[in-house]
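# Report on the structure
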Amino acid sequence: MSRPWIILKLILGLLWGIIHLAISLFNLWSLLIYNLECYLISSGLLWKYRYLNLDRLKSLAIVVDSKEAKNTMKIRQLLCWLSTMGVKYICLYDIEGVLKKSFEPAMKGSRDGKAGEYLGIGASISHSSHKDLVVECISGSDGKEGIAKAANLLCSTYLNGDTHGNGKREPAFTEADMASSLKAVGCGGPEPDLLLMYGPARCHLGFPAWRLRYTEIMHMGPLKSMKYGAIVKALYNFSKKYQNYGK
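Presented here is a report on the structure given in the accompanying data block. (Residues numbered from 1 in each chain as written. Predicted model: local features only at pLDDT ≥ 70, side-chain atom pairs only at ≥ 80, totals over all residues. Heavy atoms only, no water.)

### Some thoughts on the packing of helix 1 (residues 3-43) against helix 8 (residues 228-239)
- Where helix 1 meets helix 8, the closest approach of the two axes is 7 Å, and the angle between their N-to-C directions is 85 degrees. Looking at the two axes, helix 1 sits roughly perpendicular to helix 8. Touching Tyr34, Glu37, Cys38, Ile41 and Ser42 of helix 1 are Tyr228, Gly229, Ala230, Val232 and Lys233, all from helix 8.
- Class assignment for the residues of the contact of helix 1 with helix 8 results in six nonpolar, two polar and two charged. (Axes fitted to C-alpha atoms, helices over the stretch in contact; angles between N-to-C directions. Helix = DSSP H or I, 4+ residues; strand = E, 2+ residues; numbered from the N terminus. Parallel < 35°, antiparallel > 145°, perpendicular 65-115°, else oblique. Contact = heavy atoms within 4.5 Å. Nonpolar A, V, L, I, M, F, W, Y, C, P; charged D, E, K, R; others polar.)

### Focus on the packing of aromatic side chains
- What the rule picks out here adds up to three aromatic pairs.
- A ring pair is formed by Tyr49 and Tyr236, whose centres lie 4.7 Å apart and whose planes are at 65 degrees; its orientation type is edge-to-face. Here Tyr236 lies in helix 8 and Tyr49 lies in the loop between helix 1 and strand 1 (60-64), a separation of 187 residues in the sequence.
- The interplanar angle of 85 degrees and the centroid separation of 5.5 Å between the aromatic rings of Trp81 and Tyr228 together place this pair among those described as edge-to-face. On the criterion of sequence distance, the pair formed by Trp81 in helix 2 (residues 72-85) and Tyr228 in helix 8 is long-range, its members being 147 residues apart.
- Classification of Tyr228 by relative accessible area gives partly exposed; the value is 28%. (Phe/Tyr/Trp six-rings, centres within 6.5 Å; stacked < 30°, edge-to-face > 60°. Buried < 20%, exposed > 50% of the residue type's maximum accessible area, 1.4 Å probe, protein only.)

### Thoughts on the nonpolar core
- Counting residues in hydrophobic clusters, the biggest one holds 38 residues, and the most contacted among them are Ile62, Leu82, Leu92, Leu196, Tyr198, Ile231 and Leu235.
- Elements that contribute at least two residues to this core include exactly helix 1, strand 1, helix 2, strand 2 (89-93), helix 3 (98-102), strand 5 (133-138), strand 6 (194-198) and helix 8.
- In terms of residue count, helix 8 provides more of this core than any other element does, seven residues in total.
- Residues in contact with Leu92, not counting those within four places in the same chain, are Ile62, Ile75, Leu79, Leu99, Phe103, Val135, Glu136, Cys137 and Ile138.
- Val63, Tyr93, Ile138 and Leu195 belong to the second largest nonpolar core, which has nine residues in total. (Core = buried A, V, L, I, M, F, W, Y, C linked by side-chain atoms within 4.5 Å.)

Shown next as structure tokens:
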């Protein structure tokens, strides 16, 4: 190997190391700024975050990676924080249904009013309200399977309906028909205005797509590093966004 080639290789390796170090330092600096900002928000030292206007936030969705969804203490803490911030409707989702299984005792307890004690936040689960907070738990089975069930219901309704001229039936399925069918099979629900994702993946992990037409989506990082200030900032940023729904 010639000397010029060795020198070029050393120079390229040095440049790669410098670039890698610069990126690492930038990421570290960004993380420090982020943590400092979250601390200041949590401490109430940043005035603009003290008062949240949640009039536009009718429904909030929380998507959690199934592995992290097993940390029920973090989920309860998250629900507690959102409740104190004034959120009225929360939809919890993980693709494998871990949240449904974890909070099943609360779902049963909500019938006798003890679900709030189970959660420790004064909230009931599965469309049961307590102190103006409603929590809904859904999973991946409410996605494709929900659409299939709703489609079967629409088809059976159509086939059992009256015929029109010459024995032919004319299907006329509308968006409202599909929405009512989804609600009838237990897979309907309000469209969230904001969706917060917790986990390594920057995607909604199969959250029912028909409920995300106008949803603002934000990635919040791992659930284990969840911060109160980060949630306040996300809700504040949402309250300042303008959404153009078209005509």
